[in-house]
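# Summary of structural features
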Protein chains: 2
Amino acid sequence: MYKLSIDAMSGDLGSSIVVEACSAFIKDHADVELHVTGKKEELEKLTHHERIQIVDARDVVPMDAGIMSVRRKKESSMVKAVTLANDGIVDGVVSCGSTGAFYTSAMLFLKRIEGVEKSCLMAMLPTYNKKGVVLLDVGANAENTAEQLKDFAIMGHVYAKNIRGIQKPKVALLNIGSEAKKGDEVHQQTYQLLEEDKMINFVGNIEGRDILLGEVDVIVTDGFSGNIALKTCEGAASVLMKMVKESMMSSLSGKIGALFAKSSLYSLKDQFDYKSVGGALMVGFEKAVVKAHGASDSKAFYNAMELAYQMVKMDVVTQMKEGLKVS
Amino acid sequence: MYKLSIDAMSGDLGSSIVVEACSAFIKDHADVELHVTGKKEELEKLTHHERIQIVDARDVVPMDAGIMSVRRKKESSMVKAVTLANDGIVDGVVSCGSTGAFYTSAMLFLKRIEGVEKSCLMAMLPTYNKKGVVLLDVGANAENTAEQLKDFAIMGHVYAKNIRGIQKPKVALLNIGSEAKKGDEVHQQTYQLLEEDKMINFVGNIEGRDILLGEVDVIVTDGFSGNIALKTCEGAASVLMKMVKESMMSSLSGKIGALFAKSSLYSLKDQFDYKSVGGALMVGFEKAVVKAHGASDSKAFYNAMELAYQMVKMDVVTQMKEGLKVS
């Protein structure tokens, strides 16, 4: 039986979408046990299922909670869900609270893998060739050492291999040029470490303009640059789509064109919708930690649960541990 | 008389587009004198104009030239053009060689403004609201100190005020969150310095997703993050436009739509075309230094010349000097 804890309260849209997702998920997965944290009166629909446990939690961590606030919220649905993972009652935890608050909860209340100096945030981006690419760290850390970046590379490699089924994932380092000597000292050292590593299929540096091509499977970056890259992608995509729409609406032939092209453009929008990917992963912890988007609907939350389920089923954390030991 | 030196040889498309641009430029500007460096037999069409001087240069700096190679190319059209600026014979220099080689030439053969520790690369990006935004440094430096970032902010401010005519340009710092304490130490210190500065209208941190909105006029960043941000924008824009096209071409109604929407989409492409902006600026030097794009056609090269001309005419370098002295 694979066990997950589910924070039902921290999303923008309240507990109802989580209840809906849990009901569907438990029906689809006969080998899953759920521990759902939240106000029990809001979770009544789930109480009668034998593989669902309700853990009453009266408090909610607000979206903008800082570290001090999270520390005080021990009775919250989020911290209780994380604590269930730390106590070994479940193997994975899912929340749609804010990234900052959820990451802080994990930092405070969940053990890191031994030897890993820094945990980090991993995002899955859609790519031009539809293969997708994993980018980490996308912002958990404001700076990183070369050793930390190497740990991220190993965790990204294990994820791509086990969850995405890529035998020899191509791992690249985000940098400002292709040569080994590009970038600051940290990035030059990281290049060296990754090239020497026997497990990782390191293919060299990658520049910002090639992130979305999908020619590599894993992109390693410090949390500062990774955050800039991820958010710049999101921003550029959103501005471009708006501009496409407005540019077509500004002429009659464009308007007629838009009418005909509508469904094609919508399918593109879906494809490039970060929400459809399920969620961001927090890696480096002893348990699988998946953040669903704050504005998740029940389908997106279900996808985030599926990701946590796969992580647990494929025992990805154990394999990350082993990879980190070998390297 | 405003004097510019023009490197005629270093672009992908050879000297002919430069000759064409110079002919048109000299006709349109009665107050300009051009010193064109290159193989004199390729520049014959320009020889008979009284305000054009031909400086014979037998060598060409290749696109991929490193620092050692540039150092040896004293007889090249590029180094000769830069040297004319350093010797005070001209006040601005334009080239369409590679960014790396041209920047290296300026570093080696052109004086920096006194007190400026680092020169840098400034790019002009199109924005959603069509106002455009200036981003610097976009990759001349692999790392920067807070003091250097403050210098960039001042130079960006002076540029936006004088060349773009914005009375109180809004200056923001590229960072991974909006709060003053976000980012690594360098970015926290920079936040502090910019907030204390009396000349600069500092509006706080800006995140990657807001770069293309156009709500600020100048974005200051270290060369590493700036390079990632610029190239990620370019990459995302190019991938998105390709996907829009293909997504429309994949269905019959999409195809019909594309036919009608064609001109709207082309006008968008133009608007988002980095080439149409003219060129990147190298700032922190005693003279105006403008890089036209490597694949410039004569119109793009003309635009780069226009930018150098405006820089000289508005005496931007002197104003940068004064701004840097006051701060």
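All values derive from a computational prediction rather than experimental measurement. (Residues numbered from 1 in each chain as written. Chains lettered and ligands numbered in written order. Predicted model: local features only at pLDDT ≥ 70, side-chain atom pairs only at ≥ 80, totals over all residues. Heavy atoms only, no water.)

### A short note on the overall build of chain A
A tally of helices and strands in chain A yields ten helices and eleven strands. Referenced to the eigenvectors of the C-alpha coordinate spread, the extents of chain A come out at roughly 60 × 55 × 40 Å. Counting only residues that meet the buried cut, chain A has 58% of its 327 residues in that class. When contacts within chain A are restricted to residue pairs at least 6 apart in sequence, long-range pairs at least 24 apart make up 69% of them. As displayed, chain A has an accessible area near 13,400 Å², and 50% of this comes from carbon and sulfur atoms. Treating the 39 positive side-chain charges of chain A as one cloud and the 42 negative ones as another, the clouds have centres 3 Å apart. (Helix = DSSP H or I, 4+ residues; strand = E, 2+ residues; numbered from the N terminus. Buried < 20%, exposed > 50% of the residue type's maximum accessible area, 1.4 Å probe, protein only. Contact = heavy atoms within 4.5 Å. Areas by Shrake-Rupley, 256 points an atom, 1.4 Å probe, with all protein chains shown as cover. Lys, Arg positive; Asp, Glu negative; His and termini not counted. Charge placed at Lys NZ, Arg CZ, Asp CG, Glu CD.)

### Quick look at the relation of the copies chain B and chain A
Screw-axis analysis of chain B against chain A gives a translation of 0.0 Å along the axis, an RMSD of 0.0 Å, and a rotation angle of 180°. Here the copies are linked by what is in effect a two-fold axis. Identified as the residue of chain B closest to the rotation axis by C-alpha distance is glycine 257 of chain B, at 1.7 Å. Most of the interface of chain B is mirrored in chain A, where 100% of its interface residues are also at the interface. (Least-squares fit on C-alpha atoms with pLDDT ≥ 70 in both.)

### Concerning the nonpolar core
Formed by 88 residues in total, the largest nonpolar core has its most connected members in Leu125 and Ile219 of chain A together with Leu125 and Ile219 of chain B. Setting aside anything within four residues of it in sequence, one finds isoleucine 219 of chain B in contact with Val133, Val134, Leu135, Leu136, Ala172, Leu174, Ile206 and Ile211 of chain B. Ile154, Val171, Ile200 and Ala292 of chain A belong to the second-largest nonpolar core, a separate cluster that totals 61 residues. (Core = buried A, V, L, I, M, F, W, Y, C linked by side-chain atoms within 4.5 Å.)

### Focus on the pattern of salt bridges
Across all of its chains, the model carries 22 salt bridges over all chains by this definition. Between glutamate 207 of chain A and lysine 231 of chain B there is a salt bridge whose closest N-O contact spans 2.1 Å. Of this pair, glutamate 207 of chain A sits in the loop between β8 (201-206) and β9 (218-220) while lysine 231 of chain B is found in helix α7 (residues 223-249), placing the two residues in two different chains. Exposure class is identical for glutamate 207 of chain A and lysine 231 of chain B. Each is buried. (Salt bridge = Lys/Arg side-chain N within 4 Å of Asp/Glu carboxyl O.)

### Thoughts on the packing of aromatic side chains
All names here are of chain B. One pass over the structure, following the stated rule, counts ten aromatic pairs over all chains. Ring centres 5.9 Å apart and planes at 80° place the aromatic pair tyrosine 2 and tyrosine 309 in the edge-to-face group. In this pair, tyrosine 2 is assigned in strand β1 (residues 2-7) and tyrosine 309 in helix α9 (residues 298-313), connecting sequence segments 307 residues apart. Seen in terms of ring centroids, phenylalanine 25 and tyrosine 302 are 5.1 Å apart; in terms of plane orientation they differ by 65°. Their pairing is edge-to-face. (Phe/Tyr/Trp six-rings, centres within 6.5 Å; stacked < 30°, edge-to-face > 60°.)

### Let's talk about the domain arrangement of chain A
As a measure of interface size, the accessible area lost when the parts come together is often cited. Residues and elements named next belong to chain A. Parsing chain A into structural domains produces domain 1 (1-116 + 284-327) and domain 2 (124-275). Distance between the C-alpha centres of domain 1 and domain 2: 26 Å. Each side of the interface is counted separately: domain 1 has 16 residues, and domain 2 has 14 residues. At the boundary of domain 1 with domain 2, total buried surface from both sides reaches about 1,400 Å², with 74% on carbon and sulfur atoms. Between domain 1 and domain 2 we count zero salt bridges in total. Where domain 1 packs against domain 2, one counts one residue pair in polar contact (both at pLDDT 80 or more). Those elements that place two or more of their residues in the side of domain 1 that touches domain 2 are α9 (298-313) and α10 (316-326). Among the elements that take part in the side of domain 1 that touches domain 2, α10 stands out by supplying five residues, more than any other. Class assignment for the residues of the side of domain 1 that touches domain 2 results in nine nonpolar, seven polar and no charged. (Domains from an automatic or database assignment. Buried area = accessible area lost by both parts, 1.4 Å probe. Polar contact = N/O pair within 3.5 Å; in protein donor to acceptor, adjacent residues only side chain to side chain. Nonpolar A, V, L, I, M, F, W, Y, C, P; charged D, E, K, R; others polar.)

### Brief notes about the sheet that holds strand β9 (residues 218-220) of chain B
All names here are of chain B. Spatially, the eleven strands line up as an open sheet ordered β3-β2-β1-β4-β11-β10-β5-β6-β9-β7-β8, and their pairing is mixed. Each edge of the open sheet carries a strand with a single partner, namely β3 (52-56) and β8 (201-206). Averaged over all pairs of adjacent strands, the angle between strand axes in this sheet comes to 25°, irrespective of strand direction. Against the sheet, helix α4 (residues 99-109) touches β4 (92-95), β5 (120-125), β10 (280-283) and β11 (288-291), its axis set at about 165° to β11. Each of β5, β6 (133-136), β7 (170-174), β9 and β10 is contacted by helix α5 (residues 146-162), which is oriented at about 170° to β9, the strand it contacts most. (Pairing = 2+ DSSP bridges. Axes fitted to C-alpha atoms, helices over the stretch in contact; angles between N-to-C directions.)

### Remarks on the interface of chain B and chain A
The interface of chain B with chain A comprises 52 residues on the first partner and 52 residues on the second. Summed over both sides, the interface between chain B and chain A buries roughly 4,600 Å², with carbon and sulfur atoms accounting for 73% of that surface. Summed over the three residues of chain B that lose the most area to chain A, namely Tyr128, Ile176 and Phe224 of chain B, the buried surface amounts to 15% of that side. On the surface where chain B and chain A come into contact, there are four salt bridges.

### Some remarks on the packing of helix α3 (residues 77-86) of chain B against α4 of chain B
Residues and elements named next belong to chain B. At a minimum axis distance of 10 Å, the contact between α3 and α4 shows a crossing angle of 40°. Compared by their axis directions, α3 and α4 come out oblique. α4 is crossed by α3, and the crossing has right-handed handedness. Between α3 and α4, the contacting residues are Met78, Val79, Val82, Thr83 and Asn86 on the first element and Ala101, Phe102, Ser105, Ala106 and Phe109 on the second. Here the contact of α3 with α4 is built from residues that sort into seven nonpolar, three polar and no charged. (Parallel < 35°, antiparallel > 145°, perpendicular 65-115°, else oblique. Left-handed = near helix turned anticlockwise from the far one by under 90°.)

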